[in-house]
Amino acid sequence: MNFDSILFEFSAIIVGVALLGTVFLYARQPIIIAYIAIGIIIGPGGLGLIKRPESVEQMAHLGVVLLLFIIGLNLKPAKLVKLFSKTIWLTFVTSCLFAVISTGFALAIGQSLTAALVFGAAMMFSSTVIGLKLIPTTTLHHKHTGEVMTSVLLLQDILAIIVILFISGGHNGHLLVTFVFILLKLAALWITAFLGVRYLLIPLLRKFDTVQEYMFVITLAWCLFWAEAAHFIGLSYETGAFVAGLSIASRNVSLVVAENLKPLREFFLIMFFFAVGAKLNLNMSLGLLLTAIAFGALLVPLKVFSFKYAFNKSGEKAILSGELATRLGQSSEFSLLVAFSALSSGLLTSEEMNVIQVVTIVTFVISTYWVVIKYPTPISGVARMRKD
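Described in the following lines is the structure provided in the data block. Along every chain, residues carry numbers that run from 1 in the direction the sequence is written. With pLDDT at 70 or above as the cut-off, local features in this predicted model cover only qualifying residues; side-chain atom pairs require 80 or more to be listed or tallied, and sums for whole chains, interfaces and linings still use all residues. To get the side-chain values, take all heavy atoms of the structure and skip hydrogens and water.

### A look at the overall build of the protein
A count of helices and strands for the protein gives 16 helices and 0 strands. The buried label applies to any residue whose accessible area, calculated with a 1.4 Å probe on protein chains only, is under 20% of its type's maximum; exposed applies above 50%, and partly exposed to all values in between. Out of the 388 residues in the protein, the part that is buried amounts to 55%. Whether two residues are in contact is decided by their heavy atoms: any pair within 4.5 Å suffices. Nonlocal contacts in the protein, meaning residues at least 24 apart in sequence, comprise 76% of its contacts between residues at least 6 apart. As displayed, the protein offers around 17300 Å² of accessible surface, 69% of which is attributable to carbon and sulfur atoms. The helix and strand labels rest on DSSP assignments: H or I over at least four residues marks a helix, E over at least two residues marks a strand, and numbering proceeds from the N terminus. The method behind every accessible area is Shrake-Rupley, applied with a 1.4 Å probe, and residues are considered shielded solely by the protein chains displayed.

### Points about the side chain of T87
Following the sequence through the fold, T87 ends up in helix α4 (residues 77-108). T87 sits in the buried class, given a relative accessible area of 3%. Here T87 is in contact with V148, S151, V152 and L155, once residues within four sequence places are set aside.

### Examining the nonpolar core
Here, nonpolar core refers to any group of buried Ala, Val, Leu, Ile, Met, Phe, Trp, Tyr and Cys residues whose side-chain atoms link them within 4.5 Å. If you look at the biggest cluster of nonpolar residues, it comprises 93 residues, and the most contacted ones within it are F119, F125, F273, F311, V338, I356 and V359. Setting aside residues up to four positions removed in sequence, V338 forms contacts with V118, A122, F125, V163, I164 and I167. Within the second largest apolar cluster, 31 residues are counted, among which are L66, I182, L189 and L201.

### With respect to the environment of I130
Among the secondary structure elements, I130 is positioned in helix α6 (residues 128-133). Overall, I130 belongs to the buried group, its relative accessible area being 1%. Sequence-wise, I130 and R327 are 197 residues apart; in three dimensions their C-alpha atoms are separated by 8.3 Å. Leave out the neighbours within four places in its chain, and I130 touches F273, Q330, F364 and T368.

### As for the packing of helix α15 (residues 333-344) against helix α16 (residues 350-374)
Every axis in this analysis is a line fitted to C-alpha atoms, fitted for helices over the stretch in contact. Angles between the N-to-C directions lie between 0 and 180 degrees. At their nearest, the axes of α15 and α16 sit 9 Å apart, and the two run at 175° to each other. In terms of orientation, α15 and α16 fall into the roughly antiparallel class. Facing α15, whose interface residues are E333, S335, L336, A339, F340 and L343, α16 presents S350, M353, I356, Q357, T360 and F364. Note on residue classes: Ala, Val, Leu, Ile, Met, Phe, Trp, Tyr, Cys and Pro are nonpolar, Asp, Glu, Lys and Arg are charged, and everything else, Gly too, is polar. In terms of residue class, the contact of α15 with α16 is built from 7 nonpolar, 4 polar and 1 charged. Note on angle classes: values under 35 degrees are labelled roughly parallel, values over 145 roughly antiparallel, values of 65 to 115 roughly perpendicular, and the remainder oblique.

### Looking at the packing of aromatic side chains
Only Phe, Tyr and Trp rings are paired, with Trp represented by its six-membered ring, and only when their centres lie within 6.5 Å; those with planes under 30 degrees apart are stacked, over 60 edge-to-face, the remainder tilted. Evaluation of the coordinates by the stated rule reveals 12 aromatic pairs. Here F105 and F295 contribute two aromatic rings whose centre-to-centre distance is 4.0 Å and whose plane-to-plane angle is 10°, an arrangement assigned as stacked. One end of the pair, F105, is in helix α4; the other, F295, is in helix α13 (residues 286-313), with 190 residues separating them in the sequence. F105 sits in the buried class, given a relative accessible area of 14%. Taking the relative accessible area as the measure of exposure, F295 reaches 8% and is therefore buried. Centre to centre, the rings of F208 and Y214 are 5.3 Å apart; their planes meet at 65°, and the pair counts as edge-to-face. The exposure class assigned to Y214 is partly exposed, which follows from its relative accessible area of 28%. Connected via pairs of aromatic rings, a cluster forms that spans F98, F307 and F311.

Here you go:
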């Protein structure tokens, strides 16, 4: 048998996910944890059945792109601008707080100032994928909870893009210049996408709306085209996909498109969580590993408490503030992107990058359990708490 073939690796992932996922569901555990666990078990650091987690990660990226596209499809542009104006300072202040605390931790365990600053930057954000994956679709698209959480996560994503540009050398030494250029690129992308929908996409959909296969293909192409366009001008794939979805959001066809793409999104999100587990590297001293695990365990309640206080101060009700805070209590997939960018730029050693990986995955696991136990989610093991 060719154990290096893509087909074998793909089969191993799906069969492994199905088997371990079944065990987790019988045990009433969050199935997302099964996806991460099977990545650790059969990835390079475990049984080694998957030799190239990078190829899986590239496929997994599609899940995140599709997730952001579908989120954009269900948000009205005018409402999004209003939400941004309300949450921008909350997002900025909490992100800075998490960065300062995490930088202090990194300095305390003996990392250099540069590495500590990178660590602090990596811990600033919450996970778009986990946050949106664990919220019921009806809550996400039709309730204030989903709208506020989406606005915070998108603002964090923009901030993360700026951080990654600086780390990778795209900053030219001027923070203000970088920020202005990002805003100009985003505005140009936004305007072009909206014009494209009005004069190209909608006429085509009206003409061939009875051919479902065509509607599926052309809307998927629209998502991927703008994701690539965003990447080409120096923004993230996710940003382009979100703008693509937002450009269609004001049209009646948006809900049909979102429903058609959900199964495809779910499939690639499985790949995303598998890749997170497969890329975990535990090549560090036992003391440092335990320290990283402990900090990850402390970071989750710290984020929850800080977000809850901030949402209360911003005028949200106490119950809503608690739910939003809990759902935003983890680190982000951008934490891993920041770490890999810093490693490529020579700002981190492999061991320092591994610490970021461990802390991030620990927050993923703890936060997922916290949310699933306390709030309705699509993946709950208890029937009365399972809502989509």
